[in-house]
Amino acid sequence: MSASTQIVTRFAPSPTGFLHIGGARTALFNYLLARANDGKYLVRIEDTDKKRSTPEAIEAIHDGLEWLGLLGDEEPVFQSQRAERHAEVAQQLLDSGHAYKCYLTQEELQARREKAQAEKRPFRINSEWRDQQPGPEQESQSYVVRLKTPDDGETVIEDQVQGTIRVKNAEIDDYVILRGDGTPTYMLAVVVDDHDMGVTHIMRGDDHLNNAFRQLPLIRAMGWDEPTYAHVPLIHGADGAKLSKRHGALGVDAYRDEMGLLPEAVFNYLLRLGWGHGDDEIISREQAIEWFDLKGVGKSPSRFDTKKLLNLNGHYIREADNGRLAQLVAPKLGELEDDQMALLERAMPELKARANDLHQLAEGAEFLFKTRPLQMSEKAAAILDAEARDNLVLAHAGLEKLDEWSLEGVENVIREVAEAAELKLGKLAQPLRAALTGSNTSPGIFDVLVLLGRDESLARIADQTVEPKE
Ligand code: GLU
């Protein structure tokens with residue numbers, strides 16, 4: 001490739017299901033390879049399989065890519081809309097003698113397949129139509145168009161991830177490029193689209209490595225530029241087996257909605273899943289764009305680790321802007337008024353220190369919006385025994401006298417009360433936590449007091465100074 005050629009990459013999902021984690025990683029790597037080289041990153045929807053492609057899947061792919069910031073640099077190309085162009089190339093290949101009309105019937109093929117099986121030899125399509133001109137009797141017969149692939153020698157691919165791979169040309173059959181009904185096959189469509197989109201680098205899962213050896217003869221037959229290939233090992237589960245739903249192989253939407261993850265965390269996690277830069281674990285988008293290269297892509301399958309992903313998410317939650325987090329968490333807390341939104345944002349520094357996902361964050365924020373008298377969790381109720389209630393009376397009396405309701409102010413009062421009554425701080429803090437939040441876990445108790453404010457705090461404490469009536 002000459003220095004002046006711009007790198008063009010593409011992500012080419014088949015919209016037969018959600019955008020799964022492997023697909024998202026392929027998109028990410030293609031995006032980064034383009035960005036790192038001032039290139040172009042494109043998206044192509046491979047929707048030629050009309051029976052299996054659904055509009056819902058197309059939408060899910062779009063939403064997932066958008067959420068991760070991985071939409072293409074141009075509007076996506078829809079493969080199904082380009083059938084005419086694919087057929088045109090098939091015609092060119094026929095005209096140039098690189099393809100031929102094959103009149104073998106399904107029955108003939110089946111018989112040959114069975115014969116090969118009976119003789120225990122691999123079945124190869126050896127169509128006599130490769131070198132035979134159709135006669136008048138073929139005129140009414142339907143045919144498929146097959147690519148004339150080379151018979152001798154071998155095809156070598158210098159794959160940027162897998163290294164040098166060789167395949168004997170005898171193993172590559174004359175595959176169909178145009179079906180009997182004139183529609184293009186997937187193999188033809190991919191090659192034509194990649195060429196027309198100017199794709200220079202094809203990076204995809206290594207389950208497509210075999211396809212590269214079939215696609216290359218077509219590229220050569222057309223005299224087109226050969227792309228650089230990089231086939232990335234698939235993702236495995238934590239136990240080393242191929243990734244499945246059981247391992248957390250969910251759609252990207254599930255990472256957002258069910259797991260409550262931030263897109264930058266998923267971005268960072270996917271990047272590290274199969275690509276490395278020394279020991280760096282936390283890598284921002286900007287840094288990734290600067291560093292990404294094909295040399296850093298590992299040769300062995302990486303393992304998906306949900307715990308690592310959650311820890312990384314915790315890191316990004318702590319980094320995230322408080323207002324943004326409040327917006328993300330608010331819908332999980334019901335309808336919030338403006339002042340409640342402001343409170344949520346104010347509480348965020350304390351809340352986010354204790355959460356690894358947005359659901360935990362919402363859970364931690366619930367106490368702010370509870371209505372009195374608070375419903376006690378089982379553990380909170382257990383804390384509030386007679387002694388604890390007596391201690392709450394002391395705390396209430398001290399706090400009531402406080403002039404300026406500040407972090408320092410409430411802390412001083414609580415410490416003084418504890419000292420005067422010869423109590424360990426925990427003997428006051430735990431009952432206060434239960435009374436103020438209805439739970440046994442919360443941000444620091446002084447922060448809770450300040451966030452709730454004087455009136456609400458005193459009222460919640462007072463509610464618990466007496467034994468609830470059965
Ligand atoms: N559409 C194929 C898939 O979703 C990818 C084809 C390619 O990248 O060449 O697996």
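Now for a description of the structure that goes with this document. All residue numbers refer to position in the chain's written sequence, counted from 1. Where totals are concerned, whole chains, interfaces and linings use all residues; where local detail is concerned, this predicted model gives features only for residues with pLDDT of at least 70, and gives and counts side-chain atom pairs only at 80 or more. Each side-chain value is worked out from all heavy atoms of the structure, with water and hydrogens disregarded.

Overview of the overall build of the chain
Each helix and strand counted, the chain has 19 helices and 10 strands in total. Based on C-alpha atoms, the radius of gyration is set beside the globule rule, defined as 2.2 Å times the residue count to the power 0.38. For the chain, the C-alpha radius of gyration of 32 Å lies well beyond 23 Å, the compact-globule estimate for 470 residues. Here the C-alpha coordinates of the chain stretch approximately 110 × 50 × 40 Å along the principal axes. Taken over 470 residues, the chain has a buried fraction of 47%. Only DSSP runs of H or I covering at least 4 residues are called helices, and only runs of E covering at least 2 are called strands; the numbering of each starts at the N terminus. When accessible area is computed with a 1.4 Å probe and restricted to protein chains, residues below 20% of their type maximum are described as buried, those above 50% as exposed, and intermediate ones as partly exposed.

Observations regarding the sheet that holds strand β8 (residues 176–178)
In short, DSSP must find at least two bridges between two strands for them to pair. Spatially, the 3 strands line up as an open sheet ordered β4-β5-β8, and their pairing is antiparallel. Two strands in the sheet have a free side with no partner beyond their single neighbour: β4 (99–102) and β8. Averaged over all adjacent pairs, the angle separating strand axes in this sheet is 45°, with direction ignored. Across 2 bridges, strand β5 (residues 144–147) lies against β8 in antiparallel orientation. Lines fitted to the C-alpha atoms define the axes, with helices restricted to the stretch that makes contact. Angles between their N-to-C directions range from 0 to 180 degrees.

Topic: the pattern of salt bridges
Here a salt bridge means any side-chain nitrogen of Lys or Arg lying within 4 Å of a carboxyl oxygen belonging to Asp or Glu. Summed over the entire model, instances satisfying the criterion amount to 27 salt bridges. For aspartate 193, the salt bridge identified is with arginine 82, shortest N-O distance 2.6 Å. Taken together, the positions of aspartate 193 in helix α5 (residues 186–196) and arginine 82 in the loop between β3 (77–78) and α3 (83–95) put the pair 111 residues apart, joining distant regions of the chain. Among the residues examined, aspartate 193 registers a relative accessible area of 0% and is labelled buried. Counted as one network, the salt bridges with shared partners bring together Arg10, Arg44, Glu46, Arg82, Arg85, Glu88, Asp193, Asp194 and Asp196.

Overview of the nonpolar core
Judged by nonpolar contacts, the single largest core of 98 residues is most densely connected at Leu344 and Leu368. The contact partners of leucine 344, leaving out residues within four places of it in the chain, are Ala326, Val329, Ala330, Leu333, Leu336, Leu351, Ala365, Leu368 and Phe369. Counting 32 residues, the second-largest nonpolar core is a separate cluster that includes Ile177, Leu178, Met197 and Leu218. The definition of a nonpolar core used throughout is a set of buried Ala, Val, Leu, Ile, Met, Phe, Trp, Tyr and Cys residues joined through side-chain atoms within 4.5 Å. By definition in these notes, contact holds between two residues if any of their heavy atoms fall within 4.5 Å.

Remarks on helix α10 (residues 306–319)
Owing to its 3.6 residues per turn, the α-helix aligns residues three or four sequence positions apart on the same side. Under the 1.5 Å per step criterion, the end-to-end length of α10 is 20 Å for 14 residues, consistent within 8% with the ideal 20 Å. Listed in full, the buried residues belonging to α10 are Leu309, Leu312, Asn313, Gly314, Tyr316 and Ile317. In this structure, the buried residues of α10 make contact with α7 (252–257), α8 (263–272), α11 (322–329), α12 (338–352) and α13 (358–365). Regarding α10, its N-cap is aspartate 305, as a side-chain oxygen of that residue lies 3.1 Å from the backbone nitrogen of lysine 307 further along. Residue count minus one, scaled by 1.5 Å, sets the expected span of a helix. Counted as a polar contact is a pair of N or O atoms within 3.5 Å, where, for protein atoms, one must be capable of donating a hydrogen and the other of accepting one, and residues adjacent in sequence contribute only when both atoms are in side chains.

Some points on the pairing of strand β2 (residues 40–45)
The element β2 is largely enclosed, with a buried count of 5 among its 6 residues. Pairing of strand β1 (residues 8–11) with β2, which is carried by 4 bridges, proceeds in the parallel orientation. When the bridges of β2 are listed, phenylalanine 11 appears paired with valine 43. For a crossover, the right-handed case is the one in which the path from the first strand over the helix to the second runs clockwise, viewed with the strands pointing away from the viewer. With respect to chirality, the unit in which β1 leads through helix α1 (residues 21–36) into the neighbouring parallel β2 is right-handed. The pairing of β2 with β3 spans 2 bridges and is parallel. Residue pairing across strands places isoleucine 45 opposite phenylalanine 78, the latter belonging to β3.

Points about the layout of surface pockets
Empty space within the largest pocket amounts to approximately 1,100 Å³. Lining the largest pocket are 41 residues, and of these Pro13, Ser14, His20, Asp207 and His208 lie nearest its centre. Elements that contribute at least two residues to the lining of the largest pocket include exactly β1, α1 and β9 (201–205). By residue number, the principal contributor to the lining of the largest pocket is α1, which donates 5 residues. Buriedness for pockets is judged along seven lines, at least five of which must meet protein on both sides within 12 Å for an open set on the 1 Å grid over protein atoms alone, while cavities are sets there where a 1.4 Å probe fits but cannot get out, and lining residues have an atom within 4 Å of a point. Grid points are joined across faces, edges and corners, and a volume is the space filled by probe spheres set on the points.

Focus on a negative patch on the surface
A cluster of acidic side chains, namely Glu56, Glu59, Asp63, Glu66, Asp253 and Glu258, defines a negative patch on the protein surface. Ranked by the residues each element gives to the negative patch, the list is headed by helix α2 (residues 55–68), at 4 residues. Here aspartate 253 shows up in helix α7. With a relative accessible area of 39%, aspartate 253 lands in the partly exposed category. Patches here are clusters of residues that have more than 30% relative accessible area and form no salt bridge, with a 9 Å joining cutoff for like charges and a 5 Å cutoff for nonpolar side chains (Val, Leu, Ile, Met, Phe, Trp, Tyr). Calculation of accessible area relied on Shrake-Rupley with a 1.4 Å probe; when residues are assessed, cover is drawn exclusively from the protein chains displayed. In this tally, Asp and Glu contribute negative charge and Lys and Arg positive charge; neither His nor the terminal groups of the chain are included. Where a charge sits is defined by one atom per residue type, namely NZ (Lys), CZ (Arg), CG (Asp) or CD (Glu).

So, the site of the ligand
When at least one non-hydrogen atom of a residue lies within 4 Å of a molecule or strand, that residue is treated as near it. Taken together, Arg10, Ala12, Pro13, Ser14, Glu46, Tyr186, Val190, Arg204 and His208 are the residues near the ligand. Within the contact set of the ligand, a nitrogen atom lies 2.7 Å away from a backbone nitrogen or oxygen of alanine 12. The contact in question runs from a nitrogen atom of the ligand to an N or O atom on the side chain of serine 14, over 2.8 Å. Most atoms of the ligand, that is more than half of them, are within 2 Å of grid points of the largest pocket. Of the residues contributing to the shell around the ligand, the split by class is 4 nonpolar, 2 polar and 3 charged. Each molecule is assigned to a cavity or pocket provided more than half of its atoms lie within 2 Å of the corresponding grid points. Note on residue categories: nonpolar means Ala, Val, Leu, Ile, Met, Phe, Trp, Tyr, Cys or Pro, charged means Asp, Glu, Lys or Arg, and polar means any other residue, Gly included.

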